[in-house]
Amino acid sequence: MKTILAIWILFSAIALPALGELTDADLDKIRLIVNEGVKQESAASEARMKEYIDLKLANVNNQIKTNNREIGAIRSQINVFIGIPLLIITLLFAWRALRDRANDKQIQALIAENEDLKRQQTITS
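Note that this is a predicted model, so its numbers are computed, not measured. Each chain carries its own residue numbering, running from 1 in the written order of its sequence. Confidence filtering applies because this is a predicted model: local features only for residues at pLDDT of at least 70, side-chain atom pairs given and counted only at 80 or more, and all residues used for totals across whole chains, interfaces and linings. Derived side-chain values reflect all non-hydrogen atoms in the structure, with water molecules and hydrogen atoms excluded from consideration.

**Q** So what's going on with the overall build of the protein? Which residues, and what values?
**A** Every helix listed is a DSSP run of H or I at least four residues long, and every strand listed is a run of E at least two residues long, numbered separately from the N terminus. Helix and strand content of the protein: 2 helices and 0 strands. We compute the radius of gyration from the C-alpha atoms alone; for a globule the expected value is 2.2 Å times N to the 0.38, where N is the number of residues. Relative to the globule expectation of 14 Å for 125 residues, the C-alpha radius of gyration of the protein, 52 Å, shows a markedly less compact shape. Summarising its shape, the C-alpha atoms of the protein cover approximately 170 × 30 × 15 Å along the three principal directions. For every residue, the accessible area (1.4 Å probe, protein chains only) is compared with the maximum for its type, and the residue is labelled buried under 20%, exposed over 50%, or partly exposed between those bounds. Looking at the protein as a whole, 0% of its 125 residues are labelled buried. Residue burial considers only the protein chains on display, and all accessible areas are found by Shrake-Rupley using a 1.4 Å probe. Counting every atom, the protein has about 11900 Å² of accessible surface; 65% of that belongs to carbon and sulfur. Lys and Arg are tallied as positive, Asp and Glu as negative. Neither His nor the chain termini are counted. Lys charges are placed at NZ, Arg charges at CZ, Asp charges at CG and Glu charges at CD. On the protein, the mean spot of the 16 positive side-chain charges and the mean spot of the 15 negative ones are 8 Å from each other.

**Q** I'd like a rundown of the pattern of salt bridges, residues and numbers included.
**A** Where charged atoms from two side chains of opposite charge approach closely, those side chains can pair. Any Lys or Arg side-chain nitrogen found within 4 Å of a carboxyl oxygen on Asp or Glu counts as a salt bridge. For the structure on display, the rule yields 3 salt bridges. With its nearest N and O atoms 3.4 Å apart, the salt bridge here joins K50 to D54. In this pair, K50 and D54 both sit in helix α2 (residues 24-124), 4 residues apart, roughly one turn of the helix. Overall, D54 belongs to the partly exposed group, its relative accessible area being 40%. The closest approach of N and O atoms between R119 and D116, which form a salt bridge, is 3.2 Å.

**Q** Tell me about a nonpolar patch on the surface, residues and numbers included.
**A** There is a patch of nonpolar side chains on the surface, built from I74, I78, I82, L86, I89 and F93 and spanning about 590 Å² of accessible area. By relative accessible area, which is 42% here, I78 ends up partly exposed. For patch building, the residue pool is restricted to those with more than 30% relative accessible area and no salt bridge; the joining distance is 9 Å between like charges and 5 Å between nonpolar side chains (Val, Leu, Ile, Met, Phe, Trp, Tyr).

And the structure:
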């Protein structure tokens, strides 16, 4: 019985401080400790998030630059594919114009010759 009584007194002595109330000063200290921990964690989290966003933004910018280069290459190819047929068409029109001028000269020469023959015929008749 003495042992049980001694153990009961010991446990009661240990439990007595746990029954004490927290004062406002104790609560303020706890709040400060918690707030500092939260601030440190949020600052660390914010730094990690900023680093992650900066990394992703750099990747996106690199992708945009790569896409712009590819678009430029495609545009130059399109310009070549459009330019070559236009050049061929222009050359065909120029060749046709030169041919038409040569035909016009021949026609003018034949008209002049025809008029000369008509004059000669009217003179002889």
